Structure formats: structure tokens, C-alpha cells
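Structure at a glance
What follows is each chain in one-letter form.
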Protein chains: 4
Amino acid sequence: MKAPSGRPRDPRIDRAVLAATAALVTKVGYADLTVAAIAAQAGTTKPAIYRRWPSKAHLVHEAVFPSGEPTSLPQTGSVADDVREMLRRTAAVWSEPAARAALPGLMGEIAADPTLHAALLERFAEGVWGALHARLVEATARGEVRAGVDPAALIETIAGATLMALLIRAGDHLDDDWFDHMADLLTKGIRP
Amino acid sequence: MKAPSGRPRDPRIDRAVLAATAALVTKVGYADLTVAAIAAQAGTTKPAIYRRWPSKAHLVHEAVFPSGEPTSLPQTGSVADDVREMLRRTAAVWSEPAARAALPGLMGEIAADPTLHAALLERFAEGVWGALHARLVEATARGEVRAGVDPAALIETIAGATLMALLIRAGDHLDDDWFDHMADLLTKGIRP
Amino acid sequence: MKAPSGRPRDPRIDRAVLAATAALVTKVGYADLTVAAIAAQAGTTKPAIYRRWPSKAHLVHEAVFPSGEPTSLPQTGSVADDVREMLRRTAAVWSEPAARAALPGLMGEIAADPTLHAALLERFAEGVWGALHARLVEATARGEVRAGVDPAALIETIAGATLMALLIRAGDHLDDDWFDHMADLLTKGIRP
Amino acid sequence: MKAPSGRPRDPRIDRAVLAATAALVTKVGYADLTVAAIAAQAGTTKPAIYRRWPSKAHLVHEAVFPSGEPTSLPQTGSVADDVREMLRRTAAVWSEPAARAALPGLMGEIAADPTLHAALLERFAEGVWGALHARLVEATARGEVRAGVDPAALIETIAGATLMALLIRAGDHLDDDWFDHMADLLTKGIRP
DNA sequence: GCTTAAACGAGACGGTACGTCACGTCTTCTA
DNA sequence: TAGAAGACGTGACGTACCGTCTCGTTTAAGC
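Residues numbered from 1 in each chain as written. Chains lettered and ligands numbered in written order. Predicted model: local features only at pLDDT ≥ 70, side-chain atom pairs only at ≥ 80, totals over all residues. Heavy atoms only, no water.

1. Focus on the packing of helix α5 (residues 79-95) of chain C against helix α8 (residues 128-142) of chain C
All names here are of chain C. At a closest axis distance of 11 Å, the pairing of α5 and α8 adopts a crossing angle of 170 degrees. Overall, the two elements α5 and α8 adopt an arrangement that is roughly antiparallel. Contacts from Val79, Asp82, Met86, Arg89, Thr90 and Trp94 of α5 reach α8 at Val128, Trp129, Leu132, Arg135, Leu136 and Ala139. Looking at the contact of α5 with α8, its residues break down into eight nonpolar, one polar and three charged. (Axes fitted to C-alpha atoms, helices over the stretch in contact; angles between N-to-C directions. Helix = DSSP H or I, 4+ residues; strand = E, 2+ residues; numbered from the N terminus. Parallel < 35°, antiparallel > 145°, perpendicular 65-115°, else oblique. Contact = heavy atoms within 4.5 Å. Nonpolar A, V, L, I, M, F, W, Y, C, P; charged D, E, K, R; others polar.)

Put into C-alpha cells, the structure is as follows:
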């Protein structure tokens, strides 16, 4: 089936390229990021990079959103706390310097490349979002969340509000007050 | 004050370029949009375009988000309806074919160019967002909105959720159910 | 016939433009000479220049080769001295800083524009070259020049050698030795 | 010494570009010669050209003046014949359709770019001019040329007269009479 | 230990768009 | 009508980056 003949890929190159990509995108931004510069910084060459990733966007996407993390939500016991935790985690991932520098630029590529679009959605669906989705379904069954609340819509709202906050407040970071207030808003609504 | 000496700019060129930009970005997308093609379609030339807009991004931004309209919210009498209306309007602006085609690509440029960032924020602040902000302040004073709800955060949430929905659901449009559900969520929260 | 109605041209502009052209071509060279810069330096505008000269090349040509001079050859009494004087004068005209800076660049334009070609030939034919031509014809009649020497060919040789010397010896100027030697060569030939 | 790593340049491109340059400059002249057109005609692209030659002028210079040939002068036995042969060869090089079309335009570039100036002088010094210089030194030693005749000045004169003739007599070619007369002039001088 | 196949570095390749520049003309207003 | 001002169409410039290719060289695994 697989005949892994020939010289194997050097795993140090994978790591060096990912690290170089994250460092460079943080320094110069996505628009001024070039594959040649990444190769130089990683001590390798463009073909070695294109052997591993099909395009610059795929590379950045992998460099900037680390895949591994277990992301199990802690047992908070309260849906309000779950929402809050979800906001924090989403913001944490997207606030990483490299991620924040790359996010806006990546959106253009994602819209243009269905491959990337699917990859990114899958990555998030398997991560934080998936955990919260399950939690919300349970909470609805227990009656802690009113019937008719679509988990997917809530997740969309949490992610969207976080993204928008990061885009609008260009320089700053999101503080505790923001998380408190936003969790409150989604939990209680705006009704008095 | 202004000394309009010299040959005045031909306003027909401004209009033709904006129209051509909107048409082309809808057809080919932001990534494959070239200034030369815009110029050709508008019946003019690249220098004439660069005389008017400092970059392709500035041009697209102006072509895609109509500037003028006062956009006064109708007197709905209910904050819930105001929120719903606000969602609809935000979605309407961003769902325009040209806007939808340009939005993701534009984000990268906006992040890289503070000039554009400021221009875009100002444009939205003066439009729909400004009207809702005022309405919310009044509603809070009348007691229809609970104290402690930050209008800016709500706007952020509305805009963010809409943006995220448009990004994630690549092909589709947002239907009535989506607006109903989202307005409900923001008005009542998730509590039973 | 001539109906000089309307505002007359300002002769100061003619002079200012010619002076500015000569100064600028000396400073930046023909290749980097722009009409806009000439206009700015002369305190006028491009249209005012194009009302007077049909092209940049025509303007430079007039600015760099002053037309007026009487150019009567002194009565030297000897053909050898006439040749020498002719070499000196040709070199004098072409060694003017402005002329030397403009000459090579002008050649390209001259070759491309028959109008200019004719204008330049005429200018020189009426000047130094014409005087020498007459003198040579007389000298041939008197027997001081051997029969069969074509005056036109000699002039061609004098002008060509001077031009080539100026082109090859880029930085330097032509000294007395050069004139002595060249006059000797043309007068006596290379025979022992 | 040389470490020819990386993909080697495709020599067919070098040849195709030089041929296309010579063909195009002959057809449209130096002024209307564009690098894009050369690239198109050669079946390659602008960057491939700029990778090889630092400027359009360098490319034209190489395309138009063939480099290699040793051009040993034939053993004529007489200095007069050597001079005549030298005139013929200089005229032959510069009368090539491509060379003649490019020469005037090249002069402007040569004056503006010391690099080109040096390259061109070297090219000619190694070619015809060098051979004649040696021949003249021998002839002077044998007493066939009078002492005091500077070979460099004679070469300057030969080249200059030829150049001037080609420039002035725009359309025509130089005929046998011209060579006879000019050789005579330089050999015998104008003395009776 | 030899073979083999793929990865490696280097850098040229075709392609395409970029944003700039200068030319010579045209249009407006003012003298 | 000239002049000042500056926008106009035209068209080329030289650069940059993409993602692919072709070299010659190195490196492991399989025979």
C-alpha cells in the first residue's frame, strides 16, 4: 500500500517552517508575508515548503491555529459559566499574536478556497465549538436552557462577537469586563 | 478656502469606476480583481484611478459600501423589533453581492492599513450602528432595556454574529428564521 | 494675412524655458530630463512650452545649440589653420556643458524624427560648416588643396572625429595637443 | 570557483531573446522597442530578461554588436589598404540593419550609464580597433607611417567619420567611392 | 554494500499584477 | 487668445511574489 521508499522527510523542517511562519506573520503581517522569507528564516527552501503544504494559506492556517489541544471544557456546573469559558477560549486562540496577525488576511483566502474553508471549519468544530455544542444540548434537556435555542446559532454569536471585537479594537486586548458583560448578555438577554 | 484651479476631475469617471469595481468584484471575487480590469471596464486608465484612491482596497471599500444613506430606523415601538431591524440592515448591507464578494478580502487589507480601518469604522458608526446606539440609550432610560447593557457590546454582537453567519454559510443567504431566532436570543438570552 | 488677435505670447517665457532647459539638462542629463521639471524651473507650465515647441527634443535642440552666432572664419591665410580653427569651433559648440549633456540623447530622437534631423543639419550647414566649405573650394582653386578632396567628406571627418572624441573621452576635455595632432593628420595624412 | 548550484539558465532563452531584440529593433526602431514585445517575440517573459541583462540598453547592445569574432585584419602589405579595410569593417558592423537602427538610441543610454560605456569601449577595443592599433604600431616602426601619428587618434577619426556619415546620410549606405575617398584623405592628407 | 527513490539546497522558470512615471493633449478658470 | 493649473489617455517601466521546474547532491531503507 504505502511504500515509503526514498529519503524520508526531515521533521525538523516541518517544525522550523511552522515556527518561522508564526514568527514572521506576527512581525510583518499577513499581507507582507512571503514564502521565500519563511524559507530563509527556517533555513530551508521554497520547494521543501510546497512539498508539505499546498499553498501559503494552508501553511499559515496550520502554523497559527495549533491543532493538538484536548479542549475539554471543565465541569462548571452552570451554563452561564460554560458560555463564559467558551468566550475566553475562543478569544484565547484568536488573540495569540500570530493568529491575530493572520486572521484577517486568512479570511480572504478562506473565502476563495473551499478546501481551506472546510479545513478551518472542521478544526474549530472538533475543538472548542464541539464541546460547547454537546454541553448545550445536555443543558437544554435538563431545562437549564430554554427550548428553541439553537446551539449552532449561539456558537455563531459567541465566535462572531469575539471576532468582531478583535477586529474593531485593533490594538487592545479583551479584558475581564468584556467577558463578564458578554456572557451576561448572552445568558440573560437585554430584557430588564 | 478651496482654490479649484486646473482642470476639474471628470465625475463620470468616479461613477464609472465605482460601478465597474462593484460589478467586477461580484463577478471574479476580490482576489482576482485587478485595477487594470477595473479601468478597462470603466473605460478609463489606471493612473486616473490611482489619482482618486490611494489603493485598490480604498477603492473597493468605497465601491462596496454605499456611503450616503441616513438610515434612520423606523419607529417600531419595541426594542425587540429594533434589534431585529438592526440585524436585517446589517445583513442587508453585507449581503449585497458586491459586498459579500469583497468582505473577506477586504479584511486583510483593513488590518494592514490603519487608514482603511479608521475609514471603515467611521462609515459604519455614522450609519446603522449610530442609529441603534441612540435608540438603545433611550430604551435603557425608559426601562425597556435592563441597566448595565452596553450598547457598544450589543452592536458588536449583532454585527459579529451576522458577519460570522455570512462567512460560515458560504453559499446561502440568511432567512427569516435566522433573524427571528437571533433577535430572540439577544432579547431574551438563553435563560428559560 | 497674419491676424495677431488675442493676447500676445510672453517673450520672457521663451527665454526662461530655454535657460531652464539648458541648466537642467546639464544637471540631470537628457535621459532624466522631464518637461514638467523644465516648466517648474522656468516658472511656467507644460502647455505654455508645447505651444512653442512641438516636442521635448525640439526644445532641447534649440536650447543647447544657440543659433545666432556670425561664425565667420578669420582670415588665416593657410588651409592648415582653417582646418584647425574648424576643429576648435566644432568642439567649442559641442563641449558646452549643456550641449555635451544633451548630444548623445538627442541623437536617438534625431534618428527617429526627420523634422529634427533636417533642422539640425540645416543649423550646422548654415554655421561653421558652411564657412569652411566655401573656404575649401577657394583653396582647391588656388591649388593649396589637392584636387579630388571632397569638402563635404572633410567636414564629415572633422565633425565625426570631434564627436567620437567627445563620446569616448567621457570626462575629459579636448586639449591643445589633440587639436594640433588632429589638424596635422588631416592636413598631411599619415604618409611619412 | 564557480558553484553552479540551482537550476541552470536555459541557453535557448538567451539566444531567442537576442534574436528577437535584433529583429524587433530593426523593425520598429530603438525608441519604440519595448521589453514586453521582446519577451513576447522570444516566447518568454520580462522577468526572464531582466534576470539576464540589467537594462534594455545592455540587452540591445549585446544583441546588436556581435561579440566573438577575432577579426584579424588580412595581410594587405600596405598601410593604405589597412586603413581602407578598417573603414570597411567599422562601417560593416554599424551598417547591420539592427545596429544602424539601434546606434543613435544607444548613444543616449551609453552617456547616461558608465557601465554600458565601459562595456562598449571594451568590446570595440578588443575587436577591429585593437587589430588596427597593432598594425599601425608596426607600420610606424617600419617607417611606412610618419613618426608622430597617434594610432588612437587615427582610430578615433576613422570611427568618427564613419559614424557621422551614417548619421547624416540617414537612408543611404556608404558606397565604394566613399571608402576610396576617405582612405585617400587619411593616407595622403589634403596637401597637394 | 549496493541500489534505489525520494528529499534536499539552490535558483531559474512562466505568469501576472503591481504602482509609478512621463509624454503630449485637453479642459477649466482667470487675466 | 495666452497663461496657470492640473486631469486626461496612452503605454512602458522595472519589481515582486506566486507556485512549479530542473539541476546536482545527500540520505535513508530495502535488497
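2. A look at the protein's contact with DNA strand F
Contacts to DNA strand F come from 46 residues, most closely from A:Tyr50, B:Arg52, C:Arg7, C:Thr44 and D:Tyr50. Counted by atom, the contact set of DNA strand F within 4 Å of the protein is 66% sugar and phosphate. A distance of 2.2 Å separates a phosphate oxygen of DNA strand F from a polar side-chain atom of D:Tyr50. Taken together, the elements giving at least two residues each to the surface near DNA strand F come down to α3 (46-50) of chain A, α3 (46-52) of chain B, α3 (46-50) of chain C together with α2 (35-42) and α3 (46-52) of chain D. Among the residues making up the surface near DNA strand F, the classes are represented as 18 nonpolar, 12 polar and 16 charged. (Near = heavy atom within 4 Å. Polar contact = N/O pair within 3.5 Å; in protein donor to acceptor, adjacent residues only side chain to side chain.)

3. A look at the interface of chain D and chain C
In this complex, chain D contributes 45 residues to the contact, which on the side of chain C involves 45 residues. Taken together, the two surfaces of chain D and chain C that pack against each other cover about 3900 Å², and 67% of this comes from carbon and sulfur. Here chain D and chain C share four salt bridges between them. D:Asp184 is the salt-bridge partner of C:Arg146, the closest N and O atoms lying 3.4 Å from each other. Inspection of the chain D/chain C interface yields 14 residue pairs in polar contact (both at pLDDT 80 or more). Secondary-structure elements contributing two or more residues to the side of chain D that touches chain C are α5 (79-95), α6 (97-112), α7 (114-126), α9 (151-168) and α10 (176-188) of chain D. Considering each element in turn, the side of chain D that touches chain C owes the most residues, 12 residues, to α9(D). (Buried area = accessible area lost by both parts, 1.4 Å probe. Salt bridge = Lys/Arg side-chain N within 4 Å of Asp/Glu carboxyl O.)

4. Here we look at the relation of the copies chain A and chain B
Structural alignment of chain A on chain B gives an RMSD of 0.4 Å, achieved by rotating through 178 degrees and translating 0.0 Å along the axis. Here the symmetry operator amounts to a two-fold rotation axis. When the interface residues of chain A are mapped onto chain B, 98% of them again fall at the interface, so both copies present the same face. (Least-squares fit on C-alpha atoms with pLDDT ≥ 70 in both.)

5. Details of the packing of aromatic side chains
This model, assessed by the stated rule, comprises 16 aromatic pairs over all chains. Seen from their ring centres, C:Trp178 and C:Phe179 are 5.3 Å apart, and the 85 degrees between their planes marks the pair as edge-to-face. For the pair formed by C:Trp178 and C:Phe179, the shared burial category is buried. Relative to D:Phe124, the ring of D:Phe65 has its centre 5.3 Å away and its plane inclined at 70 degrees; by these criteria the two rings are edge-to-face. Of this pair, D:Phe65 sits in the loop between α4 (56-64) and α5 while D:Phe124 is found in helix α7, placing the two residues 59 residues apart along the sequence. Comparing D:Phe65 with D:Phe124 shows no difference in burial state: the two are buried. Above the plane of the ring of A:Phe179 lies A:Arg88, whose end atom (NZ or CZ) is 4.6 Å from the centre. (Phe/Tyr/Trp six-rings, centres within 6.5 Å; stacked < 30°, edge-to-face > 60°. Buried < 20%, exposed > 50% of the residue type's maximum accessible area, 1.4 Å probe, protein only. Lys NZ or Arg CZ within 6 Å of the ring centre and 35° of its normal.)

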